Protein chains: 2
Amino acid sequence: MLPSDNKSAVQLVVHPAWILPIIPRGEVLSEHSLVVQQGRIAALLPTPEAEQIEAEQHVHLPSQVLMPGLVNAHGHSAMSLLRGVADDAPLLSWLQDHIWPLEAHFVSEEFVADGTDLALAELLLGGTTTLSDMYFFPEVTAQRIQSAGMRAQLVFPIIDVETAWARDSDSCLEKGLALRDDYRDDDLVDVGFGLHATYSVSEATLRKVSTLTNELDAPMQIHLHETRGEVQSAVEATGERPVALLDRLGLLGPRSQCVHMTSLSSEDIQRLVDNNSHVVHCPRSNMKLASGICPVHRLHQAGVNVALGTDGAASNNRLSMLAELQSAALLAKLEQHEATALPAGSALEMATLGGARALGLEDKVGSLEVGKLADMIALDLSGVNTQPLSNIMSQLVYATTGSELTHSWIAGRCLVNEGRLTTLDLNTITARAGRWPEKFRAHQANH
Amino acid sequence: MLPSDNKSAVQLVVHPAWILPIIPRGEVLSEHSLVVQQGRIAALLPTPEAEQIEAEQHVHLPSQVLMPGLVNAHGHSAMSLLRGVADDAPLLSWLQDHIWPLEAHFVSEEFVADGTDLALAELLLGGTTTLSDMYFFPEVTAQRIQSAGMRAQLVFPIIDVETAWARDSDSCLEKGLALRDDYRDDDLVDVGFGLHATYSVSEATLRKVSTLTNELDAPMQIHLHETRGEVQSAVEATGERPVALLDRLGLLGPRSQCVHMTSLSSEDIQRLVDNNSHVVHCPRSNMKLASGICPVHRLHQAGVNVALGTDGAASNNRLSMLAELQSAALLAKLEQHEATALPAGSALEMATLGGARALGLEDKVGSLEVGKLADMIALDLSGVNTQPLSNIMSQLVYATTGSELTHSWIAGRCLVNEGRLTTLDLNTITARAGRWPEKFRAHQANH
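Note that this is a predicted model, so its numbers are computed, not measured. (Residues numbered from 1 in each chain as written. Chains lettered and ligands numbered in written order. Predicted model: local features only at pLDDT ≥ 70, side-chain atom pairs only at ≥ 80, totals over all residues. Heavy atoms only, no water.)

Further remarks concern the domain arrangement of chain A. You'll often see interface size given as the accessible area lost when the parts meet. All names here are of chain A. Parsing chain A into structural domains produces domain 1 (7-68 + 364-426) and domain 2 (70-358). Relative to domain 2, the C-alpha centre of domain 1 lies at a distance of 28 Å. With 37 residues of domain 1 at the interface, the matching set in domain 2 holds 35 residues. Summing the contributions of domain 1 and of domain 2, the shared interface buries around 2,700 Å²; its carbon and sulfur component is 67%. Viewed at the interface, domain 2 and domain 1 are joined by 2 salt bridges. Between E349 and R25 there is a salt bridge, with its nearest N and O atoms 2.6 Å apart. For the side of domain 1 that touches domain 2, the elements supplying multiple residues, two or more each, are β5 (58-68), β14 (376-380), α14 (392-399), β15 (405-410) and β16 (413-417). Here the side of domain 1 that touches domain 2 gets 6 residues from one element, more than from any other, and that element is α14. Its residues placed into classes, the side of domain 1 that touches domain 2 shows 23 nonpolar, 9 polar and 5 charged. (Domains from an automatic or database assignment. Contact = heavy atoms within 4.5 Å. Buried area = accessible area lost by both parts, 1.4 Å probe. Salt bridge = Lys/Arg side-chain N within 4 Å of Asp/Glu carboxyl O. Helix = DSSP H or I, 4+ residues; strand = E, 2+ residues; numbered from the N terminus. Nonpolar A, V, L, I, M, F, W, Y, C, P; charged D, E, K, R; others polar.)

Here it is, written out as structure tokens:
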């Protein structure tokens, strides 16, 4: 029943075949419906009762499971334009001979607008409702995200070297703080600090960011312990592991999001536990770039929150959170030599509430609970690949292609309706993105 | 130009956006078309010329790449009914407490018919045109495959323990040889020997099979070195590694297909090289069951042919060769700590010609070359996930969802047309498969 003193019109009632709320853990409801009022989840109740509610819209989804929208906790959206540009190259060459030269030449507001739109389209159609983004011209990214109506954490890049966007780290900070100020009252977009890595930012800048993030209680995300090589180099140069450096400088806290983390000692993990810091796991990127495997099982055993991220499309090459959680579930079993590692429920939680926790949004999204915002997706399980329907959570994790999405809502606003984007124009997006490969080829031919 | 003395009607001319023939390696043709006559590839030629040809059918595929049909070199189709039945359990418990009891109780001709149909539907829609199958009641599987019109190698199971299908290994051999005789003149279905494993079949039976396969020049497939534990147990019990046992008994030859092979020494690999034997790599199954990683890069370096397989849907849980080759390409890089390992072209070759070689079909299928049979698929690359189209082979391997297929032909016969199966009825298949989970649950509740 709805609160009797609530006079607001009911915005939406959804009647799916199943509801996977994520909390309570392991629960799959059938013959239940979900009520949305003022962008929030007002009730989950038996369908016969829900059918009686007067609402602006009743949506029937007879072969779909309704679940929280997926949270992509690490990405570089604009890099979608670089998808497939130089695959299968050795890592250093890929970066130094291909990616960085192209970025140096082409990254601009136009590049970021086109690339971000393409990424947002793919993410939305794949079930992502909240994303974290770390890339140049974040003010453009923010505007595209607003235009699409998605929820996001923008961690503006902080890096010492000069880029098309900023002269140096101080310039990054200046622009980033201005952006944070612009979006301080925004419901959907959060702005935080995106430290590139400990090897690309001076200690002086790290200290500045530490002061700022603590003063402002702002989120901070950083590529950390991405490879064993990174850790070894740091120890050889300074005697200190990167995560220890962050800890010493006060940069490990409950709002810190450490991305990749493939090379971890027990002490490293303890630092995360002691500081309530988060890990963002990017399994497909780590595989594609041969970076290593993040020990998710060990982190979970220690009580560390782990989220999931696609990283950029040039090192995945999909921007699909369903593919990401599928890969995570498979890889964790291999890493642990244990078929019980990262079971389906845990993988689904990582991709929803785990991401929400990492981004500081766990009170707002990540599960279908009364009072939370109605960020949710509907996935159609009638396809041949998910038959027979023995176990909804299993099918979602191990049998999906990533193409199952039919509907997506953010705060009750429908962004994908019957498989079609409502706020983005795919034709325009594809056409705009399609102009770039030729520019890249022309440039690469001349250099 | 077509051979001037060839008076047969041209069956089909396909005009795709690109042709990926697999051979020559690395070639992607644009503005070319493919001509089919009497089920064979008669020509690949520039599209303007091809448009002039008088043919029964011209098919225009403006956003598709045409490539050889994918070859699923290892599976247990009927196990699709067990998809999601007991995921995330420890391996032994999964087998002993769930899978084997259910199989013992439920495997029947009806089970195999329903499960095989479901698997064939998913495989066809995902781009597979040739499959290898190892399961009980292979005569039912063969009939379902014929009904679907697919190409297949049926390796009838040979296992000592009693099953619903056969009393013991001798009974397996008797029934299997009869099946082989039934299909000796069949164009699409090949019957070979499916040894379960060296730990489930006596040496006496292995010797019988060795004699038979050598006499008959028949294909043989076996689960081999699936885990380190399997190898260790064999060495502890007999002092001999399983692959060495096979070698000693004359079971390693150019028609031997060794499935899984995650635990390999240099000597093991040398045996494969010396005998021209094949490996069938099942990356997703190996991950899900925490079996280990097959060292594909090392095998390729040594010159061993490696094919790809989905294994059964209960340990994947997809039956998608695109997902399998994507996983293989990602996993190989991790395994080798090298971002250059198993590049896109190699992964695509493994899934086509590599599979054809393993199954002894390399003269017939696996590449789009004049004279070969027209087993081919069209994959639509206009979706947002494969944009922008920088590199066709990269996008195919790293960016596909597995849902890109629009058309599939086997020997020029269209089995999937504009995304729809032409020989299988999805509604019936789904309905029949959908009856089984309840039966399983009822049984599990009472045991």
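Moving on, we get to the pattern of salt bridges. It is possible for side chains bearing opposite charge to pair when their charged atoms get close. Counted according to the given criterion, the structure contains 38 salt bridges over all chains. Residue A:R435 pairs with A:D114 through a salt bridge whose shortest N-O separation is 2.6 Å. Of the two residues, A:R435 is situated in the loop between α15 (426-433) and α16 (436-445) and A:D114 in helix α3 (residues 109-125); the sequence distance between them amounts to 321 residues. Where B:R248 meets B:E203, a salt bridge forms, and the shortest distance between an N and an O atom there is 3.4 Å. With a gap of 45 residues between them, B:R248 in helix α8 (residues 242-248) and B:E203 in helix α6 (residues 203-216) connect regions that are remote in the sequence.

This part is about the packing of aromatic side chains. The geometry of an aromatic ring pair is captured by the separation of the ring centres together with the interplanar angle, meaning the angle of the planes. For the structure on display, the rule yields 14 aromatic pairs over all chains. Between A:F106 and A:W436, the ring centres sit 6.2 Å apart and the planes meet at 85 degrees, which makes this aromatic pair edge-to-face. A residue pair is termed long-range when its members are at least 10 positions apart, and A:F106 in helix α2 (residues 91-106) and A:W436 in helix α16 qualify at 330 residues. Exposure class is identical for A:F106 and A:W436. Each is buried. Measuring from centroid to centroid gives 6.1 Å for A:W436 and A:F440, while their planes differ by 40 degrees, and the two rings are tilted. With a gap of 4 residues between them, A:W436 and A:F440 both fall in helix α16, about one helical turn apart. Neither A:W436 nor A:F440 differs from the other in exposure class; each is buried. One aromatic cluster in this structure is built from A:F106, A:F111, A:W436 and A:F440. Lying across the ring of B:Y398, A:K288 places its NZ or CZ 4.5 Å from the centre. (Phe/Tyr/Trp six-rings, centres within 6.5 Å; stacked < 30°, edge-to-face > 60°. Buried < 20%, exposed > 50% of the residue type's maximum accessible area, 1.4 Å probe, protein only. Lys NZ or Arg CZ within 6 Å of the ring centre and 35° of its normal.)

Once that is clear, we can look at the relation of the copies chain B and chain A. Of the transformation superimposing chain B on chain A, the axial component is 0.0 Å and the angular component is 180 degrees, with the fit at an RMSD of 0.0 Å. One copy is carried onto the other by what is essentially a two-fold rotation axis. Taking C-alpha positions as the reference, the residue of chain B nearest the rotation axis is B:T401, at 2.8 Å. Interface overlap between copies: 100% of the residues of chain B at the interface are likewise at the interface in chain A, consistent with a symmetric, same-surface contact. (Least-squares fit on C-alpha atoms with pLDDT ≥ 70 in both.)

Turning our eyes to something else, we now look at the interface of chain B and chain A. With 59 residues of chain B at the contact, the number on the chain A side is 59 residues. Interface area for chain B against chain A, summed over the two sides, is near 4,500 Å², with a carbon-plus-sulfur share of 61%. Considering only the surface of chain B that becomes buried against chain A, B:D88, B:L334 and B:V384 emerge as the three largest contributors, covering 15% of it. Here chain B and chain A share 2 salt bridges between them. Here A:D88 and B:K333 are joined by a salt bridge, their closest N and O atoms 3.3 Å apart.

Whenever strands of a sheet pair, they do so through backbone hydrogen bonds, lying parallel or antiparallel. Residues and elements named next belong to chain B. Strand order in the open sheet formed by 8 strands is β6-β7-β8-β9-β10-β11-β12-β13, with parallel pairing between adjacent strands. Both outer strands of the open sheet, β6 (70-72) and β13 (305-308), are each paired with one neighbouring strand and no more. Within this sheet the neighbouring strands show an average axis-to-axis angle of 25 degrees, counted without direction. Note: strand β8 (residues 151-158) against strand β9 (residues 189-195), 7 bridges, orientation parallel. Note on β9: the bridge partner recorded for F156 is F193. Across the sheet, helix α5 (residues 169-182) is in contact with β8 and β9; its angle to β8 comes to roughly 155 degrees. (Pairing = 2+ DSSP bridges. Axes fitted to C-alpha atoms, helices over the stretch in contact; angles between N-to-C directions.)

Along an α-helix, a turn takes 3.6 residues, which lines up residues three or four apart on a common side. Residues and elements named next belong to chain A. Over its 14 residues, helix α6 (residues 203-216) extends 20 Å from the first C-alpha to the last, a length consistent with the 20 Å expected when each residue adds 1.5 Å. Along α6, the residues that are buried comprise T205, L206, V209, S210, L212 and T213. Here the buried face of α6 lies against β8 (151-158), α5 (169-182), β9 (189-195), β10 (220-224) and α8 (242-248). Just downstream of α6 lies D217, where phi reads positive at about 50 degrees. (Expected span 1.5 Å × (residues − 1).)

With that out of the way, let us pick up the sheet that holds β9(A). All names here are of chain A. Pairing in this open sheet of 8 strands is parallel, and the strands run β6-β7-β8-β9-β10-β11-β12-β13 from one edge to the other. One side of each edge strand has no neighbouring strand; the edge strands of this open sheet are β6 (70-72) and β13 (305-308). The sheet shows a mean angle of 25 degrees between the axes of neighbouring strands, direction not considered. Across 3 bridges, the pairing between β6 and strand β7 (residues 128-133) is parallel. Across the sheet, N72 pairs through a bridge with L131, a residue of β7. Strands in contact with helix α4 (residues 138-148) are β7, β8 and β9; relative to β8, the strand with the most contacts, it is inclined by about 175 degrees. Contacts from α6 reach β8, β9 and β10, with the element oriented near 155 degrees to β9.

This part takes up the environment of A:A374. Residue and element names in this part refer to chain A. If you trace the backbone, A374 turns up in the loop between α13 (344-358) and β14. Among the residues examined, A374 registers a relative accessible area of 0% and is labelled buried. In sequence terms A374 and A323 are 51 residues apart; their C-alpha atoms lie 23 Å from each other. For A374, the contacting residues outside a window of four places in its chain are V36, G39, R40, I41, W409, I410, A411 and G412.

Counting residues in each nonpolar core, the largest one holds 264 residues, and the members touching the most others are A:F111, A:M150, B:F111 and B:M150. With 10 residues, helix α3 (residues 109-125) of chain B is the largest single contributor of residues to this core. (Core = buried A, V, L, I, M, F, W, Y, C linked by side-chain atoms within 4.5 Å.)

Residues and elements named next belong to chain B. Between helix α13 (residues 344-358) and helix α14 (residues 392-399), the least distance of the axes is 9 Å, while the angle of their chain directions is 65 degrees. Considered as vectors, α13 and α14 are oriented roughly perpendicular to each other. Between α13 and α14 the crossing geometry is left-handed. Between α13, through A344, G345, A347 and L348, and α14, the contact on the second element is made entirely by M393, S394, L396, V397 and Y398. Of the residues belonging to the contact of α13 with α14, the class tally is 7 nonpolar, 2 polar and no charged. (Parallel < 35°, antiparallel > 145°, perpendicular 65-115°, else oblique. Left-handed = near helix turned anticlockwise from the far one by under 90°.)

The next point concerns the state of the cysteines. All names here are of chain B. For the coordinates displayed, the defined rule picks out 0 disulfides over all chains. Of all cysteine sulfurs, the one in C282 lies closest to C294, which takes part in no disulfide; the gap is 8.9 Å. For C294, a relative accessible area of 2% puts it in the buried group. (Disulfide = S-S within 2.5 Å.)

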